[in-house]
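# Examination of the molecular architecture
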Amino acid sequence: MNAVVIAVLVMLVLSLVRVNVVFALITGALIGGLVGGMDMSETISVFSEGLSGGANIALSYALLGGFAVAISYTGIPNLLVDWVLKVVGKKGDSRKAALSKALIVFAILLMAVFSQNLIPIHIAFIPILIPPLLKVMTELELDRRLIASVITFGLTAPYILLPVGFGLQFHEIIAQNMASSGMEIALGDIPKAMLIPVSGMFIGLLIAVFVSYRKPRKYSEAKEVISKEKMVYNKKAMVFAFISIIVALYVQLQLESMIFGALAGIAVLYLSGSVKWKEADGLLNEGMKMMAFIGFVMIAASGFAEVMTSTGHVETLVEATADAIGGNKAMAALIMLVVGLLVTMGIGSSFATIPIIAAIFVPLCMELGFSPMATIVIVGTAGALGDAGSPASDSTLGPTAGLNADGQHNHIWDTCVPTFLHYNIPLIIFGWIAAVMF
């Protein structure tokens, strides 16, 4: 039995039956460690050592949550809400409601895409943009599973396809690891190779938008993060709120740190008087509570990944796959993609999966006679698979953190399952087709 397969299956099954994701990750790690040959004390020790890996993202989200609530305090998000509600007009005006839905979906998709390539802030925009829009989504009866699918597409498809921002990092990791495994490729070939797999994701997005989640879905009236009585509606607060967002973005890009970006934004709001000092502590606490779930999941996921790596069964799984494939190229491509899905679902990072699988898959592809383009497809798609749909991935945790600000969006059934179905399945199908074609 392979420890990675067992651990991932335990984690997924527990999550699907609505066991808390943090508990599912811890249980999966313990079982995986024991199956992988470690004793209980060693497994717990390795898991504990791995927890620190998630501390950075956890603290980032805590501060971003505080920043988001502080921004809400200035009243800017509510002006946006009021404007959209005026556009919607009466509830009976279906044409205006449909137009408003389309504008919201398109704007969120655009922001998610920009966050990967044009303005590489990744998931930092979610706690600032999404919670204030929940009231509008509730008014429009907009299915939040649709929004989760839109955000996750924007967080994953651009870096897989476009060699800009985080996409450039992903493509460089593919090229460097393929070269170190014996196959030199041109960086410019990666977008061409990944176009067909990403086309499958785009089809999945269209199905989510126009088929799966197009019907209205009722939610309870969304709770305000900050009561209207406490909000500061004045031009000075609005101006400094915009300045704080720009400063936070600038600092994050310059220092490559969401923590210090959020801290800089909060500092601008406090020093300008847009947020009252006597209420500052309460606001930060509210924001941190809003983002607490994602922080704990990311910390537990880091421990889980550390245990999986320490067992040595990730490499064993990849090597066993290579031994079992034989000479059937079509079957080989499919199995390699599925293995990539399992590894990424467990580790939660496509960037970390590429070095693991490339070392085995590249020589295997060369031995089986796959072209360089087909090998890029297999390695790139196998690495990207599982980023959407994994309970431990920030591409799913981010959307959940924003959409569940009022407690009405389930991480597994409303984010992970929809994104898995609409993106991982098309990625496997179109990635397999591309690998056979090239």
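That block above? That's the structure.
Residues numbered from 1 in each chain as written. Predicted model: local features only at pLDDT ≥ 70, side-chain atom pairs only at ≥ 80, totals over all residues. Heavy atoms only, no water.

## With respect to the overall build of the chain
Note the threshold: Helix and strand labels come from DSSP, where a helix needs a run of H or I of at least four residues and a strand needs a run of E of at least two; each type is numbered from the N terminus. Between the two quantities, the radius of gyration covers C-alpha atoms and the globule rule is 2.2 Å times the number of residues to the power 0.38. For every residue, the accessible area (1.4 Å probe, protein chains only) is compared with the maximum for its type, and the residue is labelled buried under 20%, exposed over 50%, or partly exposed between those bounds. Contacts between residues were defined by any pair of non-hydrogen atoms, one from each residue, lying within 4.5 Å. For accessible areas, the Shrake-Rupley method is used with a probe of radius 1.4 Å. Any residue's cover is judged against the shown protein chains and nothing else. Lys and Arg are tallied as positive, Asp and Glu as negative. Neither His nor the chain termini are counted. To locate a charge, take NZ of a lysine, CZ of an arginine, CG of an aspartate or CD of a glutamate.
Scanning the chain from N- to C-terminus turns up 19 helices and 0 strands. Against the compact-globule benchmark of 22 Å for 438 residues, the chain has a radius of gyration of 22 Å, which places it among compact chains. Considering only C-alpha atoms, the chain reaches an extent of 70 × 50 × 40 Å along its principal axes. Put simply, the chain has 438 residues, and 55% of those count as buried. Considering only contacts in the chain between residues 6 or more positions apart, those separated by 24 or more positions represent 81%. Surface exposure of the chain reaches about 17900 Å², of which carbon and sulfur atoms provide 67%. Put simply, the chain has 24 plus and 27 minus side-chain charges, and the middle of one group is 20 Å from the middle of the other.

## Description of unusual backbone geometry
The backbone phi angle of Arg18 is positive, close to 70°, even though this residue is not glycine. Structurally, Arg18 can be placed in the loop between α1 (3-16) and α2 (21-35). With a relative accessible area of 58%, Arg18 lands in the exposed category. Positive phi values are uncommon outside glycine, yet Glu141 reaches one of about 55°. Along the chain, the position of Glu141 falls in the loop between α7 (126-140) and α8 (144-161). Taking relative accessible area as the criterion, Glu141 reaches 24% and is therefore assigned partly exposed.

## Concerning the environment of Leu271
Topologically, Leu271 is positioned in helix α12 (residues 258-271). Taking the C-alpha atoms as reference points, Leu271 and Phe240, separated by 31 residues in sequence, lie 9.8 Å from one another.

## Observations concerning the side chain of Ser274
For clarity, the cut-off: Here a polar contact means two N or O atoms within 3.5 Å. Within protein one must be a hydrogen donor candidate and the other an acceptor candidate, and residues neighboring in sequence count only if both atoms are side-chain atoms.
When you line up the elements, Ser274 lands in the loop between α12 and α13 (277-311). A polar contact of 2.9 Å, which involves the side chain of Ser274, links it to the side chain of Ser272.

## Examining the pattern of salt bridges
Selection rule: We define a salt bridge as a side-chain nitrogen of Lys or Arg found within 4 Å of a carboxyl oxygen belonging to Asp or Glu.
Per the stated rule, a full pass over the model turns up 6 salt bridges. With a closest N to O distance of 2.7 Å, Arg145 and Asp143 form a salt bridge. Note that Lys192 is salt-bridged to Asp189, the shortest N-O span being 4.0 Å. In this pair, Lys192 and Asp189 both sit in helix α10 (residues 189-212), 3 residues apart, roughly one turn of the helix. Owing to a relative accessible area of 54%, Lys192 belongs among the exposed residues under this scheme. For Asp189, a relative accessible area of 24% puts it in the partly exposed group. A network of salt bridges, in which partner residues are shared, links Asp143, Arg145, Arg217 and Asp414.

## Focus on the environment of Met201
Examined against the element boundaries, Met201 turns out to sit in helix α10. On a C-alpha basis, the gap between Met201 and Val343 in space is 20 Å, while along the polypeptide they are 142 residues apart. Each residue touching Met201, except ones within four places of it in the same chain, is listed here: Phe153, Thr156, Ala157, Ile160, His422, Tyr423, Pro426 and Leu427.

## As for the side chain of Ser393
Its place among the elements puts Ser393 in the loop between α17 (372-384) and α18 (394-403). A polar contact of 3.1 Å, which involves the side chain of Ser393, links it to the backbone nitrogen of Ser395.

## Here we look at the nonpolar core
The criterion, for reference: In this description, a nonpolar core means a group of buried Ala, Val, Leu, Ile, Met, Phe, Trp, Tyr and Cys residues linked to one another through side-chain atoms lying within 4.5 Å.
With 119 residues, the main nonpolar core has Leu25, Ile108, Met137, Met336, Phe361 and Phe370 as its most contacted residues. The dominant element in this core, judged by the number of residues it contributes, is α8, at 11 residues. Counting 14 residues, the second largest nonpolar core, distinct from the first, contains Ala248, Leu269, Leu283 and Leu284.

## Quick look at the packing of helix α14 (residues 313-325) against helix α16 (residues 350-368)
Packed helix pairs are characterised by how far apart their axes lie and by the angle those axes make with each other. So the rule is basically this: A fitted line through C-alpha atoms represents every axis, and for helices the fit uses only the stretch in contact; the resulting angles, taken between N-to-C directions, go from 0 to 180 degrees. Every angle not falling under 35 degrees, over 145, or within 65 to 115 is termed oblique; those three ranges are roughly parallel, roughly antiparallel and roughly perpendicular. Gly counts as polar in this scheme, as do all residues outside two lists: the nonpolar Ala, Val, Leu, Ile, Met, Phe, Trp, Tyr, Cys and Pro, and the charged Asp, Glu, Lys and Arg.
It is at 9 Å that the axes of α14 and α16 come closest, and there the two elements cross at 10°. In terms of orientation, α14 and α16 fall into the roughly parallel class. Two secondary-structure elements touch here, α14 through Val314, Val318, Glu319, Ala322 and Ile325 and α16 through Ile356, Ile357, Ile360, Phe361, Leu364 and Leu368. Grouping the amino acids of the contact of α14 with α16 by side-chain chemistry returns 10 nonpolar, no polar and 1 charged.

## Overview of the packing of α2 against helix α3 (residues 40-50)
Which entries qualify depends on this criterion: Crossing chirality is assigned from the near helix's rotation relative to the far helix, an anticlockwise turn below a right angle marking it left-handed and a clockwise turn marking it right-handed.
At their nearest, the axes of α2 and α3 sit 9 Å apart, and the two run at 130° to each other. As summarised for this structure, α2 and α3 are arranged oblique, according to the angle between their axes. Our pair here, α2 against α3, has a crossing hand that is right-handed. Along its contact with α2, which presents Ile26, Ala29, Leu30, Gly33 and Leu34, the element α3 presents Met40, Thr43, Ile44 and Phe47. For the contact of α2 with α3, the residue count by class is 7 nonpolar, 2 polar and no charged.

## Points about α14
Stated precisely, the cut-off is as follows: Multiplying one less than the number of residues by 1.5 Å gives the expected span of a helix.
Spanning 13 residues, α14 covers 18 Å between terminal C-alpha atoms, matching the ideal 18 Å at 1.5 Å per step. Within the span of α14, buried status applies to His313, Val314, Leu317, Val318, Thr321, Ala322 and Ile325.

## Regarding the packing of aromatic side chains
The line we're drawing: Geometry of aromatic contacts follows a simple scheme: Phe, Tyr and Trp rings, the Trp one being its six-membered ring, pair when their centres are within 6.5 Å, and the pair is stacked under 30 degrees between planes, edge-to-face over 60, tilted otherwise. By definition here, charges over rings are those cases where NZ of Lys or CZ of Arg is within 6 Å of the ring centre and within 35 degrees of the ring normal.
The final tally for this structure, using the stated rule, is 5 aromatic pairs. With a centroid separation of 5.2 Å and an interplanar angle of 40°, the aromatic rings of Tyr159 and Phe351 are classed as tilted. Taken together, the positions of Tyr159 in helix α8 and Phe351 in helix α16 put the pair 192 residues apart, joining distant regions of the chain. Judged by relative accessible area, Tyr159 falls into the buried class, the value being 2%. With a centroid separation of 5.3 Å and an interplanar angle of 65°, the aromatic rings of Phe170 and Phe351 are classed as edge-to-face. Of the two residues, Phe170 sits in helix α9 (residues 166-180) while Phe351 sits in helix α16, which places them 181 residues apart along the sequence. Its relative accessible area of 0% is what places Phe170 among the buried residues. Pairwise contacts between aromatic rings join Phe153, Phe202 and Tyr423 into one cluster. Here the basic side chain of Arg144 rests over the ring of Tyr219, its NZ or CZ set 4.3 Å away from the ring centre. If you follow Lys329 out to its NZ or CZ, it ends over the ring of Phe370, 5.0 Å from the centre.

Shape is all these values report; function is a separate question.
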